[in-house]
Amino acid sequence: SSGINAEYGGPAGSDGAAGPPGPPGQRGNPGPPGTNGNPGTNGVPGAKGEQGRAGSAGRDGNPGSPGMPGRQGDRGNDGRTVTGPPGANGDAGEKGVMGQKGDTGSKGIPGIKGIMGPKGIAGAGVRGEKGQKGAPGRAGAPGEAAQSIQLNPYIVAFHSQKNVAPKCFDGMTELWTGYSFMFVDADSKSKWSQDLGKPGSCIPEFYPGFYTQCTIDSCYSANEGHKTTWLATAPEFLTDDSQSRLPRGKLKMGSRREELLSLISRCVVCDTIFKMVVVHSMTNDVPECPEGYVSAASPNRFIPSATQSQDWVGYSFWEVSLDNYAIGVLTDEPASCLLYYSPTAVAECDVEGCKFKTTDQKTSWLMDSEKDPYTEQETRRAFTEARSYVSRCRVCHRPEATKIVFKDLQI
């Protein structure tokens, strides 16, 4: 500002330029509360809340006063009679009077022509000359309508254990020949076995993957997990080195088909009107047929052999176990009397080929009951020696079975 400078005695100078702004001051004390604002407008209604929990049941109310008597009801419908259960049977009545003799029944069907009897003794006297041809006879009356006859045939299968098919007996009709089939194992889940005595065990063609599996949508061929089992051929002479004749590893259908087929047993299916019976001796001796029966001919009688009999005699076979399953045959069927005692009973096959040597293959045979395993010094023997511990068997039939004649059968 203007004025006198006291120190120098001169007049005061003009005001200087304004200084820079000072630092912010300290925060002041809070002001007094403002006045209340005006009420706001109504808000939008909120969403509906969740349903609350059910309340507890209220107390029972006081009993009401008795009501007025109702009017009389209408008459009901008539009831229906119900019959009760039958009572217990009464005592048997007295035997009635015999009735009158019935009418004569219709004429039965003529029986089958009987067996020809022995030739009679020639009669005495001289044979006369041949007479003249007679005049033609009158035509006969029309015959009655023919009647059907049911012979109830049996269908059986025979297995040779050789690569040549066996033959039916005299009096039988051959239906087909094939390969000796025993078992199917599909992925170790679905298993199906075929009794060697039934015609289904003789498959006309050898094909190890002969089946297909289907769903409701599609079908697919058997894969490597699907297996079939077939009866194998047996050695003519059983020796300690019989196993050496078998090939090692798998014989493949594509490269060694003929060699493979030479090791699969052949079979024949026959139609017959007579039933056969098999006898197991339960000893190492071949049994005889029951009284009134004769020994059946060997199905292999036309196959050259240095060891086989012309009669059907063999070894009492029961089952083969392989990969935790068993393949058996009923012991009352001729198929349980195998012609050969063989260590390698079956061939295990898949879609590629077959194996004949498997470490887990086991065969079961009926044992000689006269051998006591508890008194034997050794219970484990070589397969060739163990043959003396196996039961023998024979197949038999009635003697007239192969002599029945049908050519002159009349109805």
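Residues numbered from 1 in each chain as written. Predicted model: local features only at pLDDT ≥ 70, side-chain atom pairs only at ≥ 80, totals over all residues. Heavy atoms only, no water.

(A) Representation of the pattern of salt bridges in the model. The tally for this structure, following the rule as stated, stands at seven salt bridges. Note that Lys162 and Glu236 form a salt bridge whose closest N and O atoms lie 3.1 Å from each other. Within this pair, whereas Lys162 is found in the loop between strand 1 (154–159) and strand 2 (173–186), its partner Glu236 is found in the loop between strand 7 (226–231) and strand 8 (250–252), the two being separated by 74 residues in sequence. Residue Lys162 is classed as buried on the basis of its relative accessible area, which comes to 14%. For Glu236, a relative accessible area of 22% translates into the label partly exposed. Residue Glu333 pairs with Lys198 through a salt bridge whose shortest N-O separation is 3.2 Å. Within this pair, whereas Glu333 is found in the loop between strand 13 (325–328) and strand 14 (337–338), its partner Lys198 is found in the loop between strand 3 (190–193) and strand 4 (202–203), the two being separated by 135 residues in sequence. Overlapping salt bridges bring together Lys250, Asp350 and Glu352 as one network. (Salt bridge = Lys/Arg side-chain N within 4 Å of Asp/Glu carboxyl O. Helix = DSSP H or I, 4+ residues; strand = E, 2+ residues; numbered from the N terminus. Buried < 20%, exposed > 50% of the residue type's maximum accessible area, 1.4 Å probe, protein only.)

(B) Here's a closer look at helix 1 (residues 253–261). Along helix 1, the positions that sit buried rather than exposed are Met253, Leu260 and Leu261. Around the axis of helix 1, the buried residues are gathered within 70 degrees of arc, so they sit on the same side. Exposed and facing more than 90 degrees away from the buried side of helix 1 are Ser255 and Glu258. (Arc of directions from axis to C-beta.)

(C) Summary view of the state of the cysteines. Inspection of the entire model under this criterion finds five disulfides. The side chain of Cys289 participates in a disulfide bridge whose partner is Cys396; the two sulfur atoms lie 2.0 Å from each other. Between Cys289 and Cys396 the disulfide shows an S-S torsion of about -90 degrees. By sign, it is left-handed. Placement of the pair is Cys289 in the loop between strand 10 (277–280) and strand 11 (294–295) and Cys396 in strand 18 (residues 392–397), with a sequence separation of 107 residues. Here Cys349 engages in a disulfide with Cys354; their sulfurs sit 2.0 Å apart. Handedness of the Cys349-Cys354 disulfide follows from its S-S torsion of about 105 degrees: it is right-handed. (Disulfide = S-S within 2.5 Å.)

(D) Summary view of the pairing of strand 18. Among the six residues in strand 18, six count as buried, and that is most of the element. Here strand 18 shows a buried face lined by Arg392, Arg394 and Cys396 and a second buried face lined by Cys393, Val395 and His397. The pairing of strand 10 with strand 18 spans four bridges and is antiparallel. Across the sheet, residue Val277 finds its bridge partner in strand 18, namely Cys396. As defined by bridge partners, strand 11 adjoins strand 18 across two bridges and the pair is classed as antiparallel. From the neighbouring strand, Ser295 faces strand 18, where its bridge partner is Cys396. (Pairing = 2+ DSSP bridges.)

(E) Broad picture of unusual backbone geometry. A positive phi angle is found at Gln161, which is not glycine, with a value near 60 degrees. Relative to the helices and strands, Gln161 is located in the loop between strand 1 and strand 2. What makes Gln161 buried here is its relative accessible area of 3%. A positive phi is found at Met282, a non-glycine position, where the angle reads about 60 degrees. If you trace the backbone, Met282 turns up in the loop between strand 10 and strand 11.

(F) Geometry of the environment of Val320. Looking at where Val320 falls in the secondary structure, it is placed in strand 12 (residues 313–322). Through-space distance from the C-alpha of Val320 to that of Ser364 is 6.1 Å; in sequence the pair is 44 residues apart.

(G) Focus on a nonpolar patch on the surface. Nonpolar side chains collect at one region of the surface, where Ile155, Leu175 and Trp176 lie side by side and expose about 240 Å² of accessible area between them. One can find Ile155 in strand 1. (Patch = residues over 30% accessible without salt bridge, like charges linked within 9 Å, V, L, I, M, F, W, Y side chains within 5 Å. Areas by Shrake-Rupley, 256 points an atom, 1.4 Å probe, with all protein chains shown as cover.)

(H) Local environment of the side chain of Ser201. Mapped onto the fold, Ser201 is located in the loop between strand 3 and strand 4. There is a polar contact of 3.1 Å between the side chain of Ser201 and the side chain of His159. Leave out the neighbours within four places in its chain, and Ser201 touches Ala157, His159, Tyr179, Ser180, Phe181, Gln194, Asp195, Leu196 and Cys267. (Polar contact = N/O pair within 3.5 Å; in protein donor to acceptor, adjacent residues only side chain to side chain. Contact = heavy atoms within 4.5 Å.)

(I) Highlighting the confidence of the model for the protein chain. For the protein chain, per-residue confidence averages 77 on the pLDDT scale, and 74% of positions sit at 70 or higher. Looking across the protein chain, the model is least confident in helix 2 (residues 383–386), with a mean pLDDT of 68, and most confident in strand 10, with 94. Across residues 146–150 the pLDDT falls below 50, and counting only partners more than four positions away or on other chains, this stretch makes four contacts in the model. Of the regions scoring below 50 in pLDDT, residues 404–411 engages in 14 contacts with residues more than four places distant in sequence or in other chains. (pLDDT = per-residue confidence, 0-100.)

(J) Region of the structure containing the packing of aromatic side chains. Counted according to the given criterion, the structure contains seven aromatic pairs. Judged by centre distance (5.3 Å) and plane angle (90 degrees), the rings of Phe158 and Trp312 are edge-to-face. Of this pair, Phe158 sits in strand 1 while Trp312 sits in the loop between strand 11 and strand 12, and the two are 154 residues apart along the sequence. This pair shows no difference in class: Phe158 is buried, exactly as Trp312 is. A ring pair is formed by Tyr179 and Phe206, whose centres lie 5.7 Å apart and whose planes are at 55 degrees; its orientation type is tilted. Residue Tyr179 is found in strand 2, and its partner Phe206 is found in the loop between strand 4 and strand 5 (212–214); the two are separated by 27 residues along the sequence. The class for Tyr179 is buried, based on a relative accessible area of 13%. (Phe/Tyr/Trp six-rings, centres within 6.5 Å; stacked < 30°, edge-to-face > 60°.)

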